[in-house]
Amino acid sequence: MTIQLGCIADDFTGATDLANNLVRSGMRVVQTIGVPTTPLAADVHAVVVALKSRTIPAAEAIAQSLDALKWLQAQGAQQIYFKYCSTFDSTPEGNIGPVTEALMDALHTDFTIATPAFPDNGRTVFKGYLFAGNVLLNESGMQNHPLTPMTDANLVRVMQAQTKRKVGLIDYKTVALGEAAIRERISALRAEGVGVAVVDATSNEDLHRMGPALKNMPLLTAGSGVAIGLPANFGLKPSLQASQLPAAHGLQAVVSGSCSLATNAQVAHFKSTGRPAMAINPAALMHGQSDAMVQQVLAWAAPLLKDGPVLVYSTAEPEAVKAVQAQLGVAEAGALVEHALAAVARGLVGLGVQQLVVAGGETSGACVQALGIAQLQIGPQIDPGVPWCHAPGDNGGVHITLKSGNFGTEDFFTKAFTVLA
Ligand SMILES: Nc1ncnc2c1ncn2[C@@H]1O[C@H](COP(=O)(O)OP(=O)(O)O)[C@@H](O)[C@H]1O
Ligand SMILES: O=C(O)[C@@H](O)C(=O)COP(=O)(O)O
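Parameters at a glance
Residues numbered from 1 in each chain as written. Chains lettered and ligands numbered in written order. Predicted model: local features only at pLDDT ≥ 70, side-chain atom pairs only at ≥ 80, totals over all residues. Heavy atoms only, no water. Helix = DSSP H or I, 4+ residues; strand = E, 2+ residues; numbered from the N terminus. Rg over C-alpha atoms; globule rule 2.2 N^0.38 Å. Buried < 20%, exposed > 50% of the residue type's maximum accessible area, 1.4 Å probe, protein only. Contact = heavy atoms within 4.5 Å. Areas by Shrake-Rupley, 256 points an atom, 1.4 Å probe, with all protein chains shown as cover. Pairing = 2+ DSSP bridges. Near = heavy atom within 4 Å. Polar contact = N/O pair within 3.5 Å; in protein donor to acceptor, adjacent residues only side chain to side chain. 1 Å grid on protein atoms, 1.4 Å probe; cavity = no way out; pocket = protein on both sides within 12 Å on 5 of 7 lines; lining within 4 Å. Sits in = over half its atoms within 2 Å of the grid points. Nonpolar A, V, L, I, M, F, W, Y, C, P; charged D, E, K, R; others polar.

> What exactly am I supposed to notice about the overall build of the protein here?
A tally of helices and strands in the protein yields 13 helices and 18 strands. Computed over the C-alpha atoms, the radius of gyration of the protein is 21 Å, within 12% of the 22 Å expected from 2.2 N^0.38 for a compact globule of 421 residues. A total of 421 residues make up the protein; the buried ones form 58% of that total. Relative to all contacts within the protein whose residues are 6 or more apart in sequence, the contacts with residues 24 or more apart total 75%. Put simply, the protein shows about 16000 Å² of open surface, and 54% of that area lies on carbon and sulfur atoms.

Here is the structure:
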């Protein structure tokens, strides 16, 4: 079986976000966790390979992305889509720039676009500047991200710092004129030696105008927004009919390791409903105490689960995160918390949880890996960018949703379960 679109996502929440937009735009999609070792068995238009490569060393991110590319090419992918965060999450070393360059080299292409625009979630790009809601990226809370603090909203500048290729801009005036003008601008930029063009988009209409101009471009790099304009290039029509997931069974839980503004509000909202919630303090995980802490959390949760969802969270305000990082180091703090939350997720599933909400991209990566999930079927959308998914397994498998840090309404942690009911 051959696919049309081959996608490489740099984290797991981002992968479900992209798969969700492709499904809603008319594609049959499967999401794999990591690079599969066997050929694709499903009859789908697109595959999203989910990597956990956003914050690892650039050389490793490149190696994993090239592996994914090779597998996608072997499945016949006609176009490659490198999906990163709508807030352009990256470390000073990358990995967006280095992975883009490596994919361009491997695909023998001298030009690609870069745009994290996702208007349905308030991410817009104007004159090359990224806005999250009504404010610039660096005023949105993303300047305090535990792993990828974003302190500059100018994407041409951010991308240029990560790549040797020349970075240019296709601005809103050109995008407003549509396909012919965008193609003309691409030719002009190519002639100037530009290899990567940031593209403005402030609305879904912009993304739909962009779509036809991207037909046959070997590599696209973007958030999930660009996806809505692509299926038409393959003769497919939008369908808001999400794929039907099997009926949900089992107990319900939420595991949250995101420290974003939105997740902090979602944790506060869940607690305000009076439902059971337990905080994990990273300091309590140090000196080999993690296993004991996980056991304590599971013993707390076990008798409560029959009465409805419980929440286990490390979510904290920026000052608390900074204090922990000062004590442990940034990467170590992240890894320690991810490891503990992943063990909690595995333990909760062992206690009978079959409807699981996970908040945070890195956190989701750790939890999905700990649960041994290899493939996800994409189901109904809970909020823009966040679908329910299903992983097959014993007793009907697990329904799981991977919530990007900044996505979802304040009541997401309770609302999500009503979508499955
Ligand atoms: N209280 C905390 N102190 C320090 N780091 C934390 C804390 N809680 C979570 N983290 C770490 O912060 C990172 C959050 O990233 P992620 O899960 O991707 O969330 P988001 O989707 O908001 O980016 C993870 O590595 C997580 O382990
Ligand atoms: O594009 C997006 O914003 C998301 O799909 C995404 O990648 C979010 O990452 P996290 O905030 O780390 O969950």
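Read on for the rest.
> When you look at the sheet that holds strand S7 (residues 129-132) in this model, what are you seeing that I'm missing?
Spatially, S6-S7-S8 is the arrangement adopted by the three strands of the open sheet, whose pairing is antiparallel. Looking along the sheet, the strands with just one partner apiece sit at the ends: strand S6 (123-126) and strand S8 (135-136).

> What is the right way to look at the site of ligand 2 in this model?
Close contacts around ligand 2 come from 14 residues, with Thr13, Asp17, Arg54, Lys83 and Ser86 the closest. A distance of 3.3 Å separates an oxygen atom of ligand 2 from a polar side-chain atom of aspartate 11. Here an oxygen atom of ligand 2 and a side-chain polar atom of aspartate 17 are 2.6 Å apart. Contact with the protein chains removes 94% of the 350 Å² of surface that ligand 2 exposes when unbound. Here ligand 2 is seated within the largest pocket.

> For this particular structure, what's the right way to read the site of ligand 1?
Neighbouring ligand 1 are 19 residues; His145, Ser258, Glu338, Glu362 and Thr363 lie closest to it. Between serine 258 and ligand 1, the recorded distance is 2.7 Å, taken from a side-chain N or O atom to an oxygen atom. Look at ligand 1: alone it shows 570 Å² of surface, and the protein chains cover 96% of it. Its atoms largely coinciding with the cavity grid, ligand 1 occupies the largest pocket. Of the residues that constitute the shell around ligand 1, the class distribution is seven nonpolar, ten polar and two charged.

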